[in-house]
Structure formats: C-alpha cells, structure tokens
Amino acid sequence: MPDTIPGYIGQSVPRREDKRLLRGEGLFVADIQLPNMLHVAIARSQFPHARIKDIDLSKALSAEGVELAISGEDILEQLPPISGMQLATPPGYQERVDTDIQIPDQPLIPHEKVRFVGEPYALVVARNRYLAEDALELISTDFDPLPPVATTDKALDENAPLLHEKLGRNVAAILHTKKGQGAEALKTAPHRLKRRFYHHRYAAMPMECRGVVADYDARTDTLTIWSSTQVVHWVSREVANSLGMPEENVRCIAPDVGGGFGGKGHVYPEDILVAYLARRLQRPVKWIEDRHEHILNSTHSRDNIYDVEIGFDNDGRIETVVSDFVVDSGAYSPIGAGIAGNSIAHMLGPYDIPNYEASSKIVLTNRTPNAPYRGAGRPEVGFAMERAVDLVANELELDPAEVRFRNMIKADQMPYSVGLTYRDGVPIVYDSGDYPKALERALEELGGLKSIRKRQKDALRQGRYIGLGLGCYVEGTGVGPFEGATVKIDATGKIVVATGACPQGQGHETVFAQVTADLWKVPIEDVYVTVADTAHVTMGYGTLASRSTVTASGAIQLASDQIKEKAFAIASGILEAGEKDLELRDSGVGVKGVPGMHISFRDIATAARPGWGHKRPEGIDAGLEATSYYEPPTVTWAYASNAAIVEVNPGTGQVLIENYVEVHDAGVLVNPAIADGQVKGGLVQGLGGGLMEEITYDENGQLLTGSFMDYLLPSASDVPPITVIHQETPSPLNSLGVKGLGEGGAIAPPVVIANAVCDALRPFKAEINSTPVRWGEVAAIFGDDPFKATSTTTTPEMEK
Amino acid sequence: MKPAPFNYIVPTSIDEALALLEEHAPDARLLAGGQSLVPMMNFRLSRPSHLIDLNCIPDLAFIQDNKDHISIGAMTRERTIEESSLVRSSIPLLYEATRHIAHLPIRSRGTIGGSISNADPAAEYPAALLTLDGEMVVRSKQGKRQIKASDFFKGIMETAIEPNELLVEIIVPKVPPGTGFAFVEISRRHGDYALAGIAAQMTLSGKTVTNVRLAACGVGPCPIRLNDAEKQIIDDGLTEKSIQSAAKAAALEVDPETDLHATADYRRRLTAVLTQQALLKAKERAQENN
Amino acid sequence: MDEQSISLTVNGTEQNGEAEPRMSLADFLRERLGLTGTHIGCEHGVCGVCTVICDGMAVRSCLMFAVQADKKEIRTIEGLADGDTMHPLQTLFSEQRALQCGFCTPGMLMTAVDLVDNNPSITPPEIKAGMSAVLCRCTGYEGILKAVEAYAKQIKGV
Ligand SMILES: Cc1cc2nc3c(=O)[nH]c(=O)nc-3n(C[C@H](O)[C@H](O)[C@H](O)COP(=O)(O)OP(=O)(O)OC[C@H]3O[C@@H](n4cnc5c(N)ncnc54)[C@H](O)[C@@H]3O)c2cc1C
Ligand code: FES
Ligand code: FES
C-alpha cells in the first residue's frame, strides 16, 4: 500500500453530514419547493388481479385545482414500460449457471390489467396534494376481478391464471448450479436430513418514503430530477431513454436521502412518470409517496421457501447440500434474478463442503414486487443453511458450535476457491479471513461455550429457558460492474471529488473525503465531495449491495493516479528535480529530503491551466482533472459470526435477547465509527425481521399490513445489548485493503433467534423452521398450561 | 394521505358545543386530542362534514377532588393525568394504566374523554374504569345522563353515547385504605395497544380479601370484567393455587379474536399469565398499604 | 374550504399565516413557513419524525391541524440551536453517532428535549422507553440513547 500510509483512513472522523441534518437544514426531496409547482397523487389498485375495463377521469379532471389526470391508456404511445432487464447478467454467468430468464416488462401505468394491490392505474396532477387526493376519489373505474395468484404454490399450479400472458408461465427465471457430485452425493452420505424452511416477507422500510420532483427547462430542453433514490445515473438513463432525450440533458440528483437499504435501489415507474409530467406540463411537478403507498407499492423483500437436504457423516461433516427454493417475486421482478443468484452463491457460507446443488424458481404472484433489501438473498439462504447446521448437530447430539468448527474453512486454506460462480460471472474465491476465530471470539464474548452450557443447565433446573443461537455467514461485497469518480484540483488548490455513489446515511461525504485526503496527503478540510448528482460525474452505478466504499474508493484512486502523474510532471519541471525524487507533502509536491523545495497544488493547478502562461512540460495536456471508472476484478468477501443468548418466557413465549454479539470482518475500516453504526443498524433490522416486522397477505392476495400500526418496526425498547467486534483482515484485492459493508448486520439475526429459541427449548425438541419467530407459537411449545413449565418443582433434580 | 375537507368549528363552552352537535349530528365529529380521530381522517376512513373542536372549552379540562371521588373533565390530557399527584394518590390504578398508553408526545394531546369515547377494544382506560367502578357523565341539549362503566362500553368502538351527546366528565371513586392495584399488559412493542391487559384492584383486611375487581382489555370487543376469577379469589383467598385457578378462569371468560398480532388462543394464554401477575402485584401492594 | 388566518409563535418569532382547516401543522410548518426540518414519515402518529414542541410539550405535528396551533408557541428543530451554537443535544448526537440518514433526527431531538428538560431526574430505562416514541431505521438506537443519557446527566449537573 505505497500511497496510503495511515492518515485519516482508520479514524472515526466526525461526519460532515451531521451539522445540516442536526439543525433541520438537510434537504430531502419533500423539502424541495419550486415556484408554480404541481402535485401528483396516484390512484392505486385495491385488487390483487383485475382486468381494467374502463377508467373515467372526467369528473376528476373538472375538480378544483386539477391540471391533468391520466390513466395507462393515455401514455401507452408515449412511454414504454420499464424493461424487464434493468439489471443484465454478465456473460460468464449464463454459461456457468444454467439460467432461463424471462423477466416481464413493468408498465409505468398498466392499461390492460392490474397485478398487485397498490399498482398505479391513474394519476392526478393538481395545485396541491390535498386537492389531488380529493380528485382521486372522483375517478370512476370498472375493473373485472381476475382470480388472484396469491401464493407461489398457486402460481406454479398447471391451471393457474397467468400474470403475464406473454411469458406463458408464472416464472420469471429458473437457475441451477452444481458443485462436485451435487445431489448424487446424498446417496453415499451416512446421514441425510431434509427440511422445508421459510423466510417471510418484510421490507426495507426507510423512514423517508420515496419521492420525485422534476423540473423541465424548455429553453435548454433539459430536465432536472430530484429523486429519493440510491441510483441517480440509472434514473437519468431510464428517463432519457423513455423521453427520447440525451442523458446529458437529464440531470438526476438524490439530495439527502432518508434511508434506502435497497428499497430505493432501482428505477420505479414514478421516477419516469414525474419527469414526463414536468415536461408535458412545462411546470415543476412533485410526487411524495405517503406511508400507505410506500408499504403497498415500494418493493418488498425476502419471502422464500427452501427445501433443503443435507448429507453428512458421523462426525457432522457436511458432504453435500441440495437446495431447491422458490422466490415469491410478486408481480414483477425489478432486479431480475439478482436475489436468487445471491442465495445460490452464498449458501455454502464459511464451510468447506465438497458437493452442492441448487435450483431456484423466481415465481410471479399477485403481490408487490420483490427486490433486494439489505442482505438480498443472504438472510433467506442463511436462515435455511444455519438452521440446517443446527439440525445436523441435533441429529448427532453434538454442540452446534462444534459442528460449525468442524466444517469451517480454516485460515490457512485462504484464499479458498469455492467452486461456484458469482453473479459478476467470476469464479468465487474467498479472499481472506479467519472464520473459526470469528466464531470463537463471539462465543468468548458471551463467556465461552462451556460456561454458557453450564449456565443453561443450571437455569433449566430452576425452570428457566436459556438458549444460545449461532449464525455464520460470508458476504460478497463491492460488486461491479463499476463505479465512476471525477477528481479535480483547481487553482484554489482544493481537491474536488464527485462519485456515482448515492448515500442514504452511510456518511459517504466523510468517508470519501478521508480516502481522498490520504491519497493526496492534504487536510481533510481541503477535500470537497459531491455525491449523487449526475451532473458531476458522467457515469455512475449507485449505492447498493455493500459496494460503495470499495468501488467508489477504487475510482477515486484511479482518477487521482492520473492527475498525480501530471502534477508530478509539472512539479518536476518547476522544481527542476527528477520525478522519482518527488513526494506528496504539505498540500503539494516537494523534493524528498529537501524541506524548502516544494510547490503547492494551488501553484501546480495554476501551472496546469490552459493558455499562454502555462508551465506544463511538453506532452502534458492542460488541467488537473480526471474521470475514472473502477471495474473491480470481482467481489471481496466479508464474513461474520453471530451469537446470542436468549431467555424464553414459558408463560408468554416472549423471547428476551440477553446479549447479541457479531464478530464482523470487513477488512480495513475507513471510518470505524461509521462502520460500527452500519453493522449495528443492520442488526436491528435483522432483529426486527426475526421477531416483529412482517408483510402479510390474506389468501386472496389482499395486503393486510398497510400502516405502521400493523407493520411493526423495532423501536428503542426492542433493542437488546449488542456488541460488535471488528476483526480486520485486509482484502488483497484492492490497495486500501477494504471490503464492503452495510448489508451484513441484517443477515443473521432471524436465524440466530430461531436457533437460540430452539436451543432453549431443547427439552421439548422444538423446531422453528420459519420466520418470524412468534411469541404465540413459542408459547404453544410449552403446552396449553401457561403455568406448568414455570413451576420449579417439576424437575426431579430439584427435589434432591 | 390527506384528510377530506370539513367545516371546522371551535365552540368555547359546553352549551355551544351541544348546540352544534344537535345541529350537525350525525355527520359531525367531536375533535378531542385527535390522536385516534386524525389518523382515521388522514386515511380518509373518517370524513366528517363538520369537525367540532373541543380544545377551547376550558370547562372540560380539570381534575377535581370531591370527598369520596375524583372528577376528571373529558378533555383532560392523558399526560396531565399521568402527572397529577391527586390521581396518583387517590386512584393509582388510573395512573398506572396511563403509563401504558402510547408515548409521551401522544399523551400530550390525547384525552381521557377521547380514549373512552373511542372505546378501542385494547385501550387501557376502559378496562381501568371498569375495575375502578367509574361513571361517565354525558350531556346533550336535552339533559344529562350518568352511566356506569359496566353499562357504557357496548362493543368494538361502541359506547352508550348518542350522536347528539357529549361526554363531559368521568367520576372515579377513591380507593379505600388497604387497597392494592396493578395494571399489567403485554404489547408487541412499548407503547403499542395491548395484546392483552389486566387491571386489578383488591382490598385486604388483614389476610382476608374484602374486595377484588378485575377487568381485561384486548381480549374481547370491549373491556371484560373477570367475574369468575374474582369469585375464585373471594372464595379461596390468595394462595398460589387459587391465584392460578383464578388466572385460568379468567382465560375462559374472555372473548378474544385472532388478528395480525396474535391468535385468540394466545390472547387467552396471556390473559391467564397477566391475571396471575396482576393479582400478585396487587396483593403485594395491598399488603404494603395494610 | 376557505383558508383561515392563524397567528402563532414559532421558535420565538411571531408568525401569521393562512391554512385550510384540514392542513396539518406539519404541512403548515413545512410549506407555509418553509421550516422543512420537521419531517413527515407516516401521517398517522406512529413514527414520530414529525414531533415538535407545542406549549412546552412534544406533540405529533401530523395529528394536529394548523388551525389548532393558533395562539400557540411552537418550537421546531430549526429553533434548537442558538444561532451558530449547537444545542448540547445536537453536539451529543454527533459525538455519539446518533444519526445516519438524519431523517428521524429532528423528531428524536424534539422528543428528547421534552423528555429530559421536563423531567431532569429521568433514568436510563425511562429514557429508553421514552425515546421509543420515535422510530429510526438506520442507527439501531444505541447512539441515540447514549446521547440522551449524556444530556440528562449534563442537565442534572453530574
Ligand atoms: C401511535 C399511537 C399509539 C396509541 N397507543 C395507544 C394505546 O396503547 N392505548 C390507548 O388507549 N390508546 C392509544 N392511542 C390512542 C390515544 O390514547 C388516543 O389519544 C385516544 O384513544 C383518543 O383520545 P383523543 O383525545 O386523541 O380523541 P380523538 O382522537 O380526538 O377522538 C376519538 C373519538 O372520540 C370522540 N370523542 C372525543 N371526545 C369526545 C367527547 N368528549 N364526547 C364524545 N365523543 C368524543 C371523537 O369524536 C372520536 O370519534 C394511540 C394513538 C397513537 C397515535
Ligand atoms: S409523521 Fe407524524 S408520527 Fe409519523
Ligand atoms: S438516522 Fe435514518 S432514520 Fe434515524
């Protein structure tokens, strides 16, 4: 790491974002007010599946304050659907993983039929939101309800009605992959274990709902879009395509974004619709999603059924894993096969398992579309796998921790070639880390395995049910295809950086300032970072999938390298010293070992300017500015071990988490406090999913959890004591040694809770193989009498 | 999520409010703290033609000490009740129930009258008032009625109040010496409506239980008095066994439903567990006061 | 419906404005007074990000109509700092990493001000319960609770 002697990297530098946010001076999409602005309200289907026979907008159109009302038919000619292939798979992937992918297009407003509760069928543009909502009530409709395809089981039935007639099936994609002997290896395994696991549907649920403001300037034929999104470049590209404008003329800005977690990680119909309306009406237009709309209409996640069979030997060594799983993708599939691809690639986790076979179907149902949310396929597969590992331990009467140690890849096996292909098309190689050590440390933090087991036994004698839950995972992070960055040094000597990253709370302005300051050896105050604005960097990808620290830092470094070369050439000319004798220091370039020989970036930048007075050596072109695109070779592998102690109340079934530990390794941490916050925030989302958050549909495809009274986010009182330990093994794949971070925390908690509760309820041979873990169901394990299991006199040992 | 338009009227006296109610009922709604009504309006599930705001009627907001009972004005904020030393000393069960309602910023606005008129099946106040043997004073232009808590709650969000009537006052008898109380509940998160909750009050004379009253919320269309459980305690006293029997009796006399948050069976189970907890806690406190 | 005029004090300054009766206090502050620091997260009283202080007490501004704030004294996040000098809670929030995206932060701060200023002897468990009034999706709450606890200590002078 020649250019990155520790400076700001590795320090918990205070966040530059804080000041404005603490003073109420942040700018979120809803805060944007433009003169003459109009407001959109969207009519959303109450039917899970229905044919649209007629939509009459005439009354709405004549309502007070209404400027425009449209339905799907009105835009049929003008606006194409969002292509099913928003996210393309790389070339190598299709060859190495058998795929059969047919993703349906998503109309911006459907005109033939609606496919989920919450899908738009019309919209109104009015002077303010109140009037727009009034007008929505005046739209009269004639819908012909169709039989709902409410579950994946129903969708796969031969006689099931089709969601998308064009596809000819209710399946968006089929994936299959195999390692070693795959399922064949079951035949020779001394033991086999087969179970069905279900990870329920829940959602990213940021505190800020989505929203879009668009402003069209007819004079220059340009659109400016402010969207609460994680992917500004993607939005501007889709809008440009839809509206037939050059990308250059469509600027997309994500101002302060109030959380995303994947839920804002792709282009939604509203991004394009609002832009279209602004151009059509030649007035600024604003749409702010309300919470009810958000729950109905912004993508949900998880909702996977796994059938898993494991073959293992007498020592608990796993010989093969066979998995057949179904993703309930809802009515569309905005990120295509991404989730299932992740699940397939992550199933073997930190274990050294010679054989594996996985098949997956991404199934279309009349539910809200399913897209990646923090973890994206990993929590689902992690639930299945880590439950299965516990069940293997139970079969052999071994400790679940012991079975994990026996199967784990050892530190000296690194780098470890898994024998599978990642979704970037590259064969998976775990790059670095010490998996058993992470588990050991997690257990130590809780007092050590022995003492936990003793405590558990003692407690049981007193009628108390204490359990230890474990959950281990690996996570491919920093995925490509690329990220862009522009770095400039202007004649003030300040360094200005712009990247395609679109933070939603990750503190990127701070993190990238740290990285840049160290690359240039300047005080952090001299670095200016802009994020999430397409005007500042031409091509970018966005912030999702735990990728930005790795990929944007990579791009900043590449661009910096280009400018550095120039800066050194210019300095060499002016200082009359060989480039090899130069070094970065004191906000400029100096001759090594000669304190007086120094030129500031300010002077170098001035010297680099085009024009008569320039002082550039021959062959060096003008300006200190470069844009680079970092295309990571492949992902880096973060990993973690989680352990928690819970106590189950036999009367009420309540699960009290006494202590939760995650030992996490994301390589070198640029800003440890920010990293710590990311992991902890993720953990609490995982705990929410494990115990209380749930999106529920009835058997007819009606959504039942349409408000915050029914969809329960964890609050401060629900959070147990959490310890996060960072084990920092540098990644060999990039010069900073960083791995990605952000999603990790959310992966393990559901399975850790389920494992812990089952561990506590060993006397009842309890098996909880689905999420969320419900108090009522836990209580029922103790039998009908709520007082029986608490009674301290029932255990024979006590009487002695 | 914006409410439909309405006519907004702000009476400053009870009489004025009653006249308005007479004129505009049944399409008018009274606005108290707005913590239940306004969410419904924002979802457009409630769309009154006229909204009669009670927040500027000073005569509706008071807590008064009257010899053997406390009178509480309908517009008294939940937060004021929580902070009242009179309530805490004379009817501590009401204080403890208040602490279970939502969160402080909601209690800053929410009123006792609003909570009782709203009669959410899981709300704390109705069960507490049933236990405390409270009475509601309602008025209309035609006159005044006093309704016992046991006759007041009729069904899911249904009370004895007629559309032209206004709840003005809640009367709660002070607790006699030697009394212990408890309000216990289980909700999915702190501040959420209860999955099940139990209000208990008992009076001891030495070791004898001279009076015990129990009511449950969240486990029926409206708060339910637990007569069988009470009888068990009166008959058999406060042994570990009789308390468990009472708790099991309680589970049988409630009438819960299955919803998103819990099944009916689970709610019965919680009723038993919470009845036991409430009795033990009330017993302990009664002994301290003896 | 016609707009009605209201006059109220916001962050110490008298303000006059017009609002249709159905306009929420949150919308009024944001749209009519340009005080967009008060956020909206659910409009049904659960999330708490809209919390402001009304006559000294924290309230949900999405559940109050602007017309009900007539003659009232409102304090919003914009009135928390004293000019350039941050309120101690703001400083503590930054130090304790109590915010990530910052969307819940105004509601958190106003709730904490009410909780602690009106009850300086508040205990850590009471703080945890009290701060459950506002939801945060990013931080996992640890930093928030630490910051509020530290503030309570400062107020108590220990
Ligand atoms: C997030 C959240 C959580 C909550 N959690 C709980 C909880 O755990 N437990 C609980 O009990 N409550 C809870 N509540 C509700 C809260 O307690 C309300 O304040 C209360 O139920 C209603 O009181 P209000 O004064 O706000 O009434 P409003 O909402 O103003 O009115 C409610 C109804 O009562 C009618 N009404 C009001 N006053 C009168 C009167 N004097 N005479 C006749 N009719 C009248 C109104 O017309 C309306 O129909 C919660 C609310 C929220 C937003
Ligand atoms: S916006 Fe007011 S509580 Fe959520
Ligand atoms: S910091 Fe993002 S919601 Fe709290």
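Residues numbered from 1 in each chain as written. Chains lettered and ligands numbered in written order. Predicted model: local features only at pLDDT ≥ 70, side-chain atom pairs only at ≥ 80, totals over all residues. Heavy atoms only, no water.

Enquirer: How should I be thinking about the overall build of chain C in this particular structure?
Expert: Helix and strand counts for chain C stand at 5 helices and 5 strands. N-terminal to C-terminal, the α/β element order of chain C is β-β-α-β-β-β-α-α-α-α. Here the C-alpha atoms of chain C give a radius of gyration of 16 Å, agreeing with the 15 Å that 2.2 N^0.38 yields for 158 residues. Taking the principal axes of its C-alpha atoms as reference, chain C extends roughly 50 × 30 × 25 Å. (Helix = DSSP H or I, 4+ residues; strand = E, 2+ residues; numbered from the N terminus. Rg over C-alpha atoms; globule rule 2.2 N^0.38 Å.)

Enquirer: Help me out: how do you make sense of the packing of helix α7 (residues 232-243) of chain A against helix α8 (residues 269-281) of chain A in this one?
Expert: The packing of two helices is summarised by the inter-axis angle and the distance between the axes. Residues and elements named next belong to chain A. Across the interface, α7 lies against α8 with an axial gap of 10 Å and an inter-helix angle of 50°. Considering their axes alone, α7 and α8 lie oblique with respect to each other. Remark: the crossing between α7 and α8 carries right-handed chirality. Facing α7, whose interface residues are Val235, Glu238, Val239, Ser242 and Leu243, α8 presents Asp271, Ile272, Ala275, Tyr276 and Arg279. Per-class residue counts for the contact of α7 with α8 are 6 nonpolar, 1 polar and 3 charged. (Axes fitted to C-alpha atoms, helices over the stretch in contact; angles between N-to-C directions. Parallel < 35°, antiparallel > 145°, perpendicular 65-115°, else oblique. Left-handed = near helix turned anticlockwise from the far one by under 90°. Contact = heavy atoms within 4.5 Å. Nonpolar A, V, L, I, M, F, W, Y, C, P; charged D, E, K, R; others polar.)

Enquirer: Please explain helix α3 (residues 105-117) of chain C as it appears in this structure.
Expert: For the α-helix, the turn length of 3.6 residues means that residues three or four positions removed from each other point alike. All names here are of chain C. Over its 13 residues, α3 extends 18 Å from the first C-alpha to the last, a length consistent with the 18 Å expected when each residue adds 1.5 Å. Taken across its 13 residues, α3 has 12 buried, putting it largely inside the fold. Residues Thr105, Pro106, Gly107, Met108, Leu109, Met110, Thr111, Ala112, Val113, Asp114, Leu115 and Val116 constitute the buried set of α3. (Expected span 1.5 Å × (residues − 1). Buried < 20%, exposed > 50% of the residue type's maximum accessible area, 1.4 Å probe, protein only.)

Enquirer: Explain the domain arrangement of chain A to me, please; I cannot follow it from the model alone.
Expert: How large an interface is tends to be reported as the accessible area lost when its parts come together. Residues and elements named next belong to chain A. Assigned domains within chain A: domain 1 (18-23 + 480-630), domain 2 (210-288) and domain 3 (302-479 + 634-794). Taken over C-alpha atoms, the centre of domain 2 sits 37 Å from the centre of domain 3. Taken together, the 6 residues of domain 2 in the interface contact 7 residues of domain 3. Taken together, both faces of the contact between domain 2 and domain 3 bury some 420 Å²; the carbon and sulfur share is 64%. Considering only the side of domain 2, the residues that lose the most area to domain 3 are Phe261, Gly262 and His266, jointly responsible for 87% of the buried surface there. The interface formed by domain 2 and domain 3 holds 0 salt bridges in total. Where domain 2 meets domain 3, there are 1 residue pair in polar contact (both at pLDDT 80 or more). (Domains from an automatic or database assignment. Buried area = accessible area lost by both parts, 1.4 Å probe. Salt bridge = Lys/Arg side-chain N within 4 Å of Asp/Glu carboxyl O. Polar contact = N/O pair within 3.5 Å; in protein donor to acceptor, adjacent residues only side chain to side chain.)

Enquirer: Explanation requested: the sheet that holds strand β12 (residues 194-205) of chain B in the structure shown.
Expert: Residue and element names in this part refer to chain B. Pairing within the open sheet is antiparallel, and its 4 strands lie in the order β11-β12-β13-β14. Pairing within the sheet leaves two strands with one partner each, and these edge strands are β11 (179-187) and β14 (224-225). With 2 bridges joining them, strand β13 (residues 208-217) and β14 adopt antiparallel strand pairing. Note on β14: the bridge partner recorded for Ala216 is Ile224. Along the sheet face, helix α5 (residues 92-99) touches β11 and β12 and points at about 15° away from the line of β11. Seen against the sheet, helix α8 (residues 124-132) touches β11, β12, β13 and β14 and runs at an angle of roughly 155° to β13. (Pairing = 2+ DSSP bridges.)

Enquirer: I keep staring at the interface of chain A and chain C and nothing clicks. Help me out?
Expert: Tallying the contact residues gives 55 residues for chain A and 46 residues for chain C. Summing both partners gives a buried area of about 3900 Å² for chain A against chain C, and 54% of it is carried by carbon and sulfur. Taken as a group, Leu22(A), Tyr130(A) and Met207(A) account for 21% of the area that chain A buries against chain C, more than any other trio of residues on that side. Applying the counting rule to chain A against chain C returns 4 salt bridges. Between Arg137(C) and Glu693(A) there is a salt bridge, and its shortest N-O distance comes to 2.6 Å. Along the contact surface separating chain A from chain C lie 26 residue pairs in polar contact (both at pLDDT 80 or more).

Enquirer: Looking at this structure, how should I read the domain arrangement of chain C?
Expert: Residue and element names in this part refer to chain C. Annotation of chain C at the domain level lists domain 1 (4-79) and domain 2 (88-156). Inter-centroid distance (C-alpha atoms) of domain 1 to domain 2 is 21 Å. The interface of domain 1 with domain 2 comprises 18 residues on the first partner and 15 residues on the second. Carbon and sulfur atoms supply 64% of the area buried between domain 1 and domain 2, which totals about 1200 Å² over both sides. Sorting the residues of domain 1 by area buried against domain 2 places His39, Val49 and Ile77 first, and these three jointly supply 37% of that buried surface.

Enquirer: Explain the pairing of strand β27 (residues 636-648) of chain A here, please?
Expert: For a regular strand, side chains alternate in direction, first toward one face of the sheet and then toward the other. All names here are of chain A. Most of β27 is tucked away, with 13 of its 13 residues classed as buried. The two faces of β27 match: Thr636, Ala638, Ala640, Asn642, Ala644, Val646 and Val648 on one face and Trp637, Tyr639, Ser641, Ala643, Ile645 and Glu647 on the other face are all buried. By the bridge criterion, 10 bridges tie β27 to strand β28 (residues 655-665) in an arrangement that is antiparallel. Among the inter-strand pairings, Ser641 is bridged to a residue of β28, identified as Val663. Remark: 6 residues form the turn of the hairpin made by β27 and β28, two consecutive strands paired antiparallel; Gly653 in that turn has positive phi of roughly 75°.

Enquirer: What is the right way to look at the packing of aromatic side chains in this model?
Expert: Each aromatic ring pair is described using two quantities: the centre-to-centre distance and the angle formed by the ring planes. Residue and element names in this part refer to chain A. Enumeration according to the criterion identifies 19 aromatic pairs over all chains in this entry. Consider the rings of Phe116 and Tyr332, whose centres lie 6.4 Å apart with planes at 80°: the pair is edge-to-face. Placement of Phe116 in the loop between β5 (113-114) and β6 (120-126) and of Tyr332 in the loop between β15 (318-330) and α10 (338-346) is noted, with a sequence separation of 216 residues between them. Summarising the burial analysis for this pair, Phe116 and Tyr332 share the class buried. Pairing Phe482 with Tyr629 gives two aromatic rings, centres 6.0 Å apart and planes at 70°, and the pair type is edge-to-face. (Phe/Tyr/Trp six-rings, centres within 6.5 Å; stacked < 30°, edge-to-face > 60°.)

Enquirer: In this structure, what is going on with the environment of Ala155(A)? I would like to understand it.
Expert: All names here are of chain A. Tracing the sequence through the fold places Ala155 in helix α6 (residues 152-156). On the basis of relative accessibility, which here comes to 5%, the residue Ala155 falls in the buried class. Separated by 619 residues in sequence, Ala155 and Arg774 have C-alpha atoms that sit 27 Å apart.

Enquirer: Would you take a moment to explain the sheet that holds β15(A) for this structure?
Expert: In any sheet, the strands associate via hydrogen bonds between backbone groups, in a parallel or an antiparallel arrangement. Residue and element names in this part refer to chain A. One open sheet holds the 6 strands; their spatial order is β4-β8-β16-β15-β14-β9, and the pairing between them is mixed. Where the open sheet ends on each side, the last strands, each with one partner, are β4 (98-101) and β9 (191-202). Pairwise comparison of adjacent strand axes, ignoring direction, gives a mean angle of 10° for this sheet. As judged from the 9 bridges shared by strand β14 (residues 301-312) and β15, these two strands associate in the antiparallel manner. Opposite Phe312, over in β15, you have Ile318 as the bridge partner. Packed on one face of the sheet, α10 meets β8 (171-179), β14, β15 and β16 (355-364) and runs near 165° to β16.

Enquirer: Help me understand the site of ligand 1, please; the structure alone is not making it clear to me.
Expert: Taken together, the neighbourhood of ligand 1 is formed by 31 residues, with Arg29(B), Leu30(B), Leu37(B), Thr111(B) and Glu124(B) sitting nearest. Looking at what sits near ligand 1, you find residues from chains B and C. Contacts to ligand 1 include Ser36(B), whose backbone N or O atom sits 2.9 Å from an oxygen atom. Here an oxygen atom of ligand 1 sits 3.5 Å away from a polar atom, N or O, in the main chain of Gly191(B). (Near = heavy atom within 4 Å.)

Enquirer: Explain the interface of chain B and chain A to me, please; I cannot follow it from the model alone.
Expert: Each partner contributes residues to the interface: chain B has 27 residues there, and chain A has 36 residues. For the pairing of chain B and chain A, the buried interface totals around 2500 Å² over both sides, and the portion due to carbon and sulfur atoms is 60%. Across the pair Glu137(A) and Arg47(B) runs a salt bridge whose closest N-O atoms are separated by 2.6 Å. For the side of chain B that touches chain A, the secondary structure elements donating two or more residues are β11, α11 (240-253) and α12 (264-288) of chain B.

Enquirer: Help me out: how do you make sense of the pattern of salt bridges in this one?
Expert: Two side chains with opposite charge may pair up if their charged atoms get near one another. Residue and element names in this part refer to chain A. This structure, assessed with the given rule, holds 75 salt bridges over all chains. The residue Arg44 makes a salt bridge to Glu270 at a minimum N-O spacing of 3.0 Å. Within this pair, whereas Arg44 is found in strand β1 (residues 38-44), its partner Glu270 is found in helix α8, the two being separated by 226 residues in sequence. Accessibility expressed as a relative area gives 1% for Glu270, which makes it buried.

Enquirer: So what exactly am I meant to see when it comes to the side chain of Ser115(B) here?
Expert: Secondary-structure assignment places Ser115(B) in helix α7 (residues 112-118). The residues touching Ser115(B), leaving out its near neighbours within four places in the chain, are Glu78(B), Ala123(B), Tyr125(B) and Pro126(B).

Enquirer: Is there a simple way to think about the nonpolar core in this case?
Expert: One recurring pattern in soluble globular proteins is that nonpolar side chains are buried together. Counting residues in each nonpolar core, the largest one holds 205 residues, and the members touching the most others are Val321(A), Tyr430(A), Phe708(A), Val757(A) and Phe93(C). For this core, the element with the most residues is helix α11 (residues 378-396) of chain A, which contributes 10 residues. In contact with Val321(A), not counting residues within four places along its chain, are Val308(A), Glu309(A), Ile310(A), Met347(A), Leu348(A), Ile353(A), Asn355(A), Tyr356(A), Glu357(A) and Met385(A). In this structure, Val40(A), Leu273(A), Val529(A) and Ile556(A) belong to the second largest nonpolar core, which totals 92 residues. (Core = buried A, V, L, I, M, F, W, Y, C linked by side-chain atoms within 4.5 Å.)

Enquirer: In this structure, what is going on with a negative patch on the surface? I would like to understand it.
Expert: Residue and element names in this part refer to chain A. Together, Asp54, Asp56, Glu73, Asp74, Asp142 and Asp144 make up a region of like negative charge exposed at the surface. Elements represented by at least two residues in the negative patch include exactly β2 (50-56), α3 (72-75) and β7 (140-145). Turning to its location among the elements, Asp74 is positioned in helix α3. Asp74 sits in the partly exposed class, given a relative accessible area of 34%. (Patch = residues over 30% accessible without salt bridge, like charges linked within 9 Å, V, L, I, M, F, W, Y side chains within 5 Å. Areas by Shrake-Rupley, 256 points an atom, 1.4 Å probe, with all protein chains shown as cover. Lys, Arg positive; Asp, Glu negative; His and termini not counted. Charge placed at Lys NZ, Arg CZ, Asp CG, Glu CD.)

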